Amino acid sequence: MKKIIYLVRHCQATGQAPDCELTDKGLTQAQHLAGFFEDQDIDQIITSPYTRAVHSILPTAERKNLDIYVHEDLKERVLSTEKLDNWLEPLEQSFNDLHMKLPGGESSYEATQRFLPIFEAIKLGQVKTTIIVSHGNLLTLMLKHFDRRYGFQDWKNLSNPDVYKITLDNSSLIQRVWE
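Residues numbered from 1 in each chain as written. Predicted model: local features only at pLDDT ≥ 70, side-chain atom pairs only at ≥ 80, totals over all residues. Heavy atoms only, no water.

**Thoughts on the sheet that holds strand β3 (residues 68–70)**
Turning to step 1, where the next piece is worked out: Reading across the sheet, the 6 strands line up as β3-β2-β4-β1-β5-β6 and stay open at both edges, with mixed pairing between neighbours. Strands at the two margins of the open sheet, each flanked by one partner only, are β3 and β6 (172–176). The sheet shows a mean angle of 20 degrees between the axes of neighbouring strands, taken without regard to direction.
Turning to step 2, where the next piece is worked out: Bridge count for strand β1 (residues 3–9) against strand β4 (residues 129–134) is 6 bridges, and the pairing is parallel. Among the inter-strand pairings, Y6 is bridged to a residue of β4, identified as I131. (Pairing = 2+ DSSP bridges. Helix = DSSP H or I, 4+ residues; strand = E, 2+ residues; numbered from the N terminus. Axes fitted to C-alpha atoms, helices over the stretch in contact; angles between N-to-C directions.)

**Some remarks on the nonpolar core**
Turning to step 1, where the next piece is worked out: The biggest cluster of nonpolar side chains holds 28 residues, and the ones touching the most others in it are I5, L7, I132, M142, L143 and Y164.
Turning to step 2, where the next piece is worked out: Contributions of two or more residues to this core are made by β1, α3 (88–96), α4 (108–124), α5 (136–146), α6 (152–156) and β5 (162–168).
Turning to step 3, where the next piece is worked out: For I132, the contacting residues outside a window of four places in its chain are I5, Y6, L7, V8, I46, L74, I118, F119, I122 and M142.
Turning to step 4, where the next piece is worked out: Core analysis: the second largest hydrophobic core is formed by 17 residues, V8, L22, I42 and V133 among them. (Core = buried A, V, L, I, M, F, W, Y, C linked by side-chain atoms within 4.5 Å. Buried < 20%, exposed > 50% of the residue type's maximum accessible area, 1.4 Å probe, protein only. Contact = heavy atoms within 4.5 Å.)

**Overview of the state of the cysteines**
Turning to step 1, where the next piece is worked out: Following the criterion strictly, the structure yields 0 disulfides and no others.
Turning to step 2, where the next piece is worked out: Among the cysteines around C11, which has no disulfide bond, C20 carries the closest sulfur, lying 14 Å off.
Turning to step 3, where the next piece is worked out: The buried category is assigned to C20, whose relative accessible area is 13%. (Disulfide = S-S within 2.5 Å.)

**Focus: the environment of I5**
Turning to step 1, where the next piece is worked out: Counting through the fold element by element, I5 comes out in strand β1.
Turning to step 2, where the next piece is worked out: Each C-alpha atom, one on I5 and one on D162, is 13 Å from the other, the two residues being 157 residues apart in sequence.
Turning to step 3, where the next piece is worked out: Excluding its chain neighbours within four sequence positions, the residues that come into contact with I5 are F119, I122, T130, I132, Y164, K165, I166 and L168.

**Observations concerning helix α2 (residues 51–64)**
Turning to step 1, where the next piece is worked out: Look at α2: 20 Å from first C-alpha to last across 14 residues, which is about the 20 Å you get at 1.5 Å a residue.
Turning to step 2, where the next piece is worked out: Of all bends in α2, the biggest is about 40 degrees, found at L58, and the proline P59 comes one to four residues later.
Turning to step 3, where the next piece is worked out: For α2, the set of buried residues is T51, R52, A53, V54, S56, I57, P59, T60 and A61.
Turning to step 4, where the next piece is worked out: On its buried side, α2 packs onto α1 (24–37), β2 (44–47), β3 and β4. (Expected span 1.5 Å × (residues − 1). Bend = angle between axes of the 7 residues up to and from the residue.)

**Some remarks on the packing of aromatic side chains**
Turning to step 1, where the next piece is worked out: Taken as a whole, this structure holds 8 aromatic pairs when the rule is applied.
Turning to step 2, where the next piece is worked out: One aromatic cluster is present, formed by Y6, F36, F37 and W178 through successive ring pairs. (Phe/Tyr/Trp six-rings, centres within 6.5 Å; stacked < 30°, edge-to-face > 60°.)

**What about unusual backbone geometry?**
Turning to step 1, where the next piece is worked out: Put simply, N160 and P161 share a cis peptide bond, and its omega is -10 degrees.
Turning to step 2, where the next piece is worked out: With respect to the element layout, P161 can be found in the loop between α6 and β5.
Turning to step 3, where the next piece is worked out: Positioned with a positive phi, N65 is a non-glycine residue whose angle comes to about 55 degrees.
Turning to step 4, where the next piece is worked out: Structurally, N65 can be placed in the loop between α2 and β3.

**Comments concerning the pattern of salt bridges**
Turning to step 1, where the next piece is worked out: All chains considered together, the criterion is met by 7 salt bridges.
Turning to step 2, where the next piece is worked out: E38 serves as the salt-bridge partner of R63, at 2.9 Å between the closest nitrogen and oxygen. A residue pair is termed long-range when its members are at least 10 positions apart, and R63 in helix α2 and E38 in the loop between α1 and β2 qualify at 25 residues.
Turning to step 3, where the next piece is worked out: Looking at R63, the relative accessible area reads 43%, which means it is partly exposed. (Salt bridge = Lys/Arg side-chain N within 4 Å of Asp/Glu carboxyl O.)

**Focus on the side chain of E76**
Turning to step 1, where the next piece is worked out: When you line up the elements, E76 lands in the loop between β3 and α3.
Turning to step 2, where the next piece is worked out: Look at E76: it is buried, it has no salt bridge, and the nearest opposite charge is R52 at 5.8 Å.
Turning to step 3, where the next piece is worked out: At 3.2 Å, the side chain of E76 and the backbone nitrogen of N137 are in polar contact.
Turning to step 4, where the next piece is worked out: At 3.1 Å, the side chain of E76 forms a polar contact with the backbone nitrogen of L138.
Turning to step 5, where the next piece is worked out: In contact with E76, not counting residues within four places along its chain, are Y50, R114, H135, G136, N137 and L138. (Lys, Arg positive; Asp, Glu negative; His and termini not counted. Polar contact = N/O pair within 3.5 Å; in protein donor to acceptor, adjacent residues only side chain to side chain.)

So this is what it looks like as structure tokens:
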């Protein structure tokens, strides 16, 4: 059975902390997301536990009359718990060296291992179409899992929100579908 996964990056938020709310613009973006998914058949929604992720997809869930399943393993990847003056450089390196790990952080490999069971459950389950809501770094690693060409530059080019459609069948097709 062909499966479709929509990977959604959360809408604009007031910050990076887990409990940061959406900005006014982010709340409007969440309504636009709901409009985007209006004509799509969606069977389930799985989201990061972070407030900005949940609130980004809440209008869609309400319009579709779907429950939101919160999954801890969709939270954003922590690059390091130490303050980094130039965090972009090590972030870029982490997309090339998947085992690179900074103090208190999580390697790209470890972050990938966190979300793989979610994808396996979707592939083996009966649900046809799933929305997964997460964060830029982790979402780019998800894309990289399906196509090794994805990396740092793709992360830099993500918008808030952003939506990618992955069609799982004999081969995995990735399309950016958000304009």
